[in-house]
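Chains, contacts and geometry: an overview
Okay, here's what each chain looks like letter by letter:
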Amino acid sequence: MFFAKKTKLTAAAVAVAVSSIIFGGCGKDEQKAAQPTKIQVKAMQVVQRDTPLTGEYAGQLVGLDTVKVQSKVNGNVIEKFVTGGQFVQAGQILYRIDSRQYESAVLQAQANLAQAEANLNNAKIDLMRDEKLLEEEAIAEQVVTTQAATVRSYEAAAAAQAATLKTARENLDDTLIFAPMSGKLGVDDVAVGTFVTAGNTTLVTIGSPDPIYAQFSLSESDYLKFVNRQVNQQSGNVVDVTITLADGKEYPLVGKIVETDRELANNSGSLTVKAIFPNPEGILLPGMFARVKLAGETIPNAILVPQRAVQQLLGKAFVMTVGEDNKSVAKNVELGEQIGSYYVVNSGLDAKDVVVVEGLTNLREGLEMDVKKVTAGEMGFTLTNVTSKFNTDSGAK
């Protein structure tokens, strides 16, 4: 009896203890939930620096002069004096076409001309004899008139044969193919034995390697910016052009814009532009792709904010900054040019501001934040842009 009562009392005590633990635990969780949680964010200080604006565009290198070397006569290539990729001088012999038929044509033309000249000479002698007989009234005047017409006919025939001989000699001369300009040959050169058709078969292409063009396209808005910049330059057309090659290195020599198309392309609304670059070492080759940069004005002490920090709402732009006690503060900003990973801020921020660049999804103004300071390098931000926006060629890190 006593044992049974003790068991009931013990069970009741355990129940009370468990109940107190459960309810006590719930109270602590509710207290924790009631406390506000700090939002974890990454933030960095805005960048202030002199910022040169540079127009950057996708471009391709084009030879200054590129010529397709073709034969003026038909025939088989029987001799070749060059190899593909070779540098040649203007007037240097490249190929020789089989000349046998053209040599025969010259001989035939010479014989025909000799016959025509003999006929002409005989006709002139006859005319002189008839003219004397006419003076003696031994023949009719009509005979002399007819003979004079015969002489003129033979003169025309002789002139035609002389022209034929000239053409035959030119064709014979054209069996030797010479370089029309100094430059580098392509590797599309034909082999010995190839039959070439006059004015159709390309024997080889030749191009001038120095200087060379960088060809690119400007949008309408960028073209207007470029024109306005030129107008504002007191010394005239002084806009320098640089190119960055596929290996990421900038070509050391500076170019100048020398050609612009007369109208915008209908399908793209862009303007084709050519800048010329010296190429004394032959490093630049036609067909290479390059990033073309137009040097622009410099914004002194520009305020730059990462694009990732900027939010857009109802046509307005704003950023979240770190305020007192690490609380979030929204600031409206007026944006300028886009430069790489950044925007130029025309108004709304100063150099002391720290902006949130990560963790903006659930962030509202006035919330307490757990702020981790980061750098541009850690976030991968750069002032170099690979698109056709206005940008600078240095990084803000």
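Described below are features of the structure shown in this document. Being a predicted model, the structure only gives us computed values, none of them experimental.

Attention shifts here to the overall build of the protein chain. Counting secondary structure elements, the protein chain contains five helices and 22 strands. In the protein chain, buried positions account for 32% of the 397 residues. Restricting to contacts in the protein chain with at least 6 residues of sequence separation, those with at least 24 account for 75%. Accessible surface, the protein chain as shown: approximately 23,400 Å² in total, 52% of it carbon and sulfur.

Moving on, we get to the sheet that holds strand β3 (residues 66-70). An order of β3-β10-β8-β5 is seen for the four strands of this open sheet, with the pairing classed as antiparallel. Only two strands of the sheet have a single neighbouring strand rather than two, namely β3 and β5 (87-88). Two strands pair when backbone bridges link them, and β3 and strand β10 (residues 202-207) are joined in this way by five bridges, in the antiparallel orientation. Within β10, the position partnered with Val69 by the bridge is Val204.

The subject of this paragraph is the packing of aromatic side chains. According to the stated counting rule, one finds three aromatic pairs in the structure shown. Judged by centre distance (5.8 Å) and plane angle (20 degrees), the ring pair of Tyr57 and Phe216 falls under stacked. One end of the pair, Tyr57, is in strand β2 (residues 47-63); the other, Phe216, is in strand β11 (residues 212-219), with 159 residues separating them in the sequence. Judged on exposure class, the residue Tyr57 and its partner Phe216 are both buried. Consider the rings of Tyr251 and Phe277, whose centres lie 6.4 Å apart with planes at 70 degrees: the pair is edge-to-face. Of this pair, Tyr251 sits in the loop between β12 (240-244) and β13 (255-260) while Phe277 sits in strand β14 (residues 270-277), and the two are 26 residues apart along the sequence. We classify Tyr251 as buried; its relative accessible area is 5%. By relative accessible area, Phe277 is classed as buried at 1%.

Further remarks concern the pattern of salt bridges. Counted according to the given criterion, the structure contains ten salt bridges. A salt bridge links Glu368 to Lys38, with the nearest nitrogen and oxygen atoms 3.5 Å apart. Pair noted here: Glu368 is in the loop between β20 (354-358) and β21 (369-373) and Lys38 is in the loop between α1 (2-34) and β1 (39-45), with a separation of 330 residues, a long-range link. Here Glu368 falls in the partly exposed class, since its relative accessible area comes to 35%. Judged by its relative accessible area of 47%, Lys38 falls in the partly exposed class.

On to helix α3 (residues 141-173), then. Each α-helix turn comprises 3.6 residues. Residues three or four places apart therefore point the same way. The terminal C-alpha atoms of α3, which comprises 33 residues, lie 48 Å apart, in line with the 48 Å expected from a rise of 1.5 Å per residue. Those residues of α3 lying buried are Val144, Gln147, Ala148, Val151, Ala158, Leu165 and Ala168. Considering only its buried residues, α3 is in contact with α2 (100-135).

A rise of 1.5 Å per residue sets the reference length of α2, with its 36 residues, at 52 Å; its end C-alpha atoms lie 53 Å apart and thus fit the reference within 8%. Buried within α2 are the following residues: Tyr102, Val106, Ala109, Leu113, Ala116, Leu120, Ala123, Leu127 and Asp130. Those residues of α2 that are buried lie in contact with α3. Looking one or two places after α2, you find Glu137, whose phi comes out positive at around 55 degrees.

Right, let's get into the nonpolar core. Most often, soluble globular proteins keep nonpolar side chains buried together rather than apart. Of all hydrophobic cores here, the largest spans 26 residues; its most connected members are Met44, Val305, Val319, Tyr342, Leu349, Val355 and Val357. Counting residues per element, the ones that place at least two in this core are β2, β15 (289-306), β17 (316-322), β18 (328-339), β19 (342-347), β20 and α5 (376-379). Those residues in contact with Val357, other than ones at most four positions away along the chain, are Lys42, Ala43, Met44, Pro306, Arg308, Ala309, Val374, Met379 and Phe381. Counting 20 residues, the second-largest nonpolar core is a separate cluster that includes Phe216, Leu245, Leu271 and Leu284.

It is worth spelling out the layout of surface pockets at this point. If you add up the space inside the largest pocket, you get close to 220 Å³. What lines the largest pocket is a set of 13 residues, among which Lys184, Leu185, Gly186, Gly207 and Pro286 lie closest to the centre. Secondary structure elements with two or more residues in the lining of the largest pocket: β8 (183-185) and β10. Looking at the lining of the largest pocket element by element, the count peaks at three residues for β10.

A separate point is the sheet that holds strand β4 (residues 75-80). If you walk across this open sheet you meet the four strands as β7-β6-β4-β9, and the pairing is antiparallel. Of all the strands in the sheet, just β7 (176-178) and β9 (195-196) have a single pairing partner and so form its edges. Strand direction decides the pairing type here: β4 and β9, joined by two bridges, are antiparallel. Residue pairing for β9: Asn76 is matched across the bridge by Phe195.

So, about the environment of Ser219. Structurally, the position occupied by Ser219 is in strand β11. Between the alpha carbons of Ser219 and Leu271 there is a distance of 6.4 Å; along the sequence they are 52 residues apart.

Attention now goes to the packing of α2 against α3. Two elements in contact, α2 and α3, have axes separated by 8 Å at closest approach and are oriented at 165 degrees. When the axis of α2 is compared with that of α3, the two are roughly antiparallel. Remark: the crossing between α2 and α3 carries left-handed chirality. Of the residues that constitute the contact of α2 with α3, the class distribution is 21 nonpolar, eight polar and nine charged.

Here is the key point about a regular strand: its side chains alternate between the two faces of the sheet. Pairing of β1 with β21 involves five bridges; the strand directions are parallel. Bridge pairing links Gln40 to Asp370 in β21. With four bridges joining them, β1 and β20 adopt antiparallel strand pairing. The partner of Met44 across the bridge, within β20, is Val355.

Procedures and definitions
- Residues numbered from 1 in each chain as written.
- Predicted model: local features only at pLDDT ≥ 70, side-chain atom pairs only at ≥ 80, totals over all residues.
- Heavy atoms only, no water.
- Helix = DSSP H or I, 4+ residues; strand = E, 2+ residues; numbered from the N terminus.
- Buried < 20%, exposed > 50% of the residue type's maximum accessible area, 1.4 Å probe, protein only.
- Contact = heavy atoms within 4.5 Å.
- Areas by Shrake-Rupley, 256 points an atom, 1.4 Å probe, with all protein chains shown as cover.
- Pairing = 2+ DSSP bridges.
- Phe/Tyr/Trp six-rings, centres within 6.5 Å; stacked < 30°, edge-to-face > 60°.
- Salt bridge = Lys/Arg side-chain N within 4 Å of Asp/Glu carboxyl O.
- Expected span 1.5 Å × (residues − 1).
- Core = buried A, V, L, I, M, F, W, Y, C linked by side-chain atoms within 4.5 Å.
- 1 Å grid on protein atoms, 1.4 Å probe; cavity = no way out; pocket = protein on both sides within 12 Å on 5 of 7 lines; lining within 4 Å.
- Points joined across faces, edges and corners; volume = space filled by probe spheres on them.
- Axes fitted to C-alpha atoms, helices over the stretch in contact; angles between N-to-C directions.
- Parallel < 35°, antiparallel > 145°, perpendicular 65-115°, else oblique.
- Left-handed = near helix turned anticlockwise from the far one by under 90°.
- Nonpolar A, V, L, I, M, F, W, Y, C, P; charged D, E, K, R; others polar.

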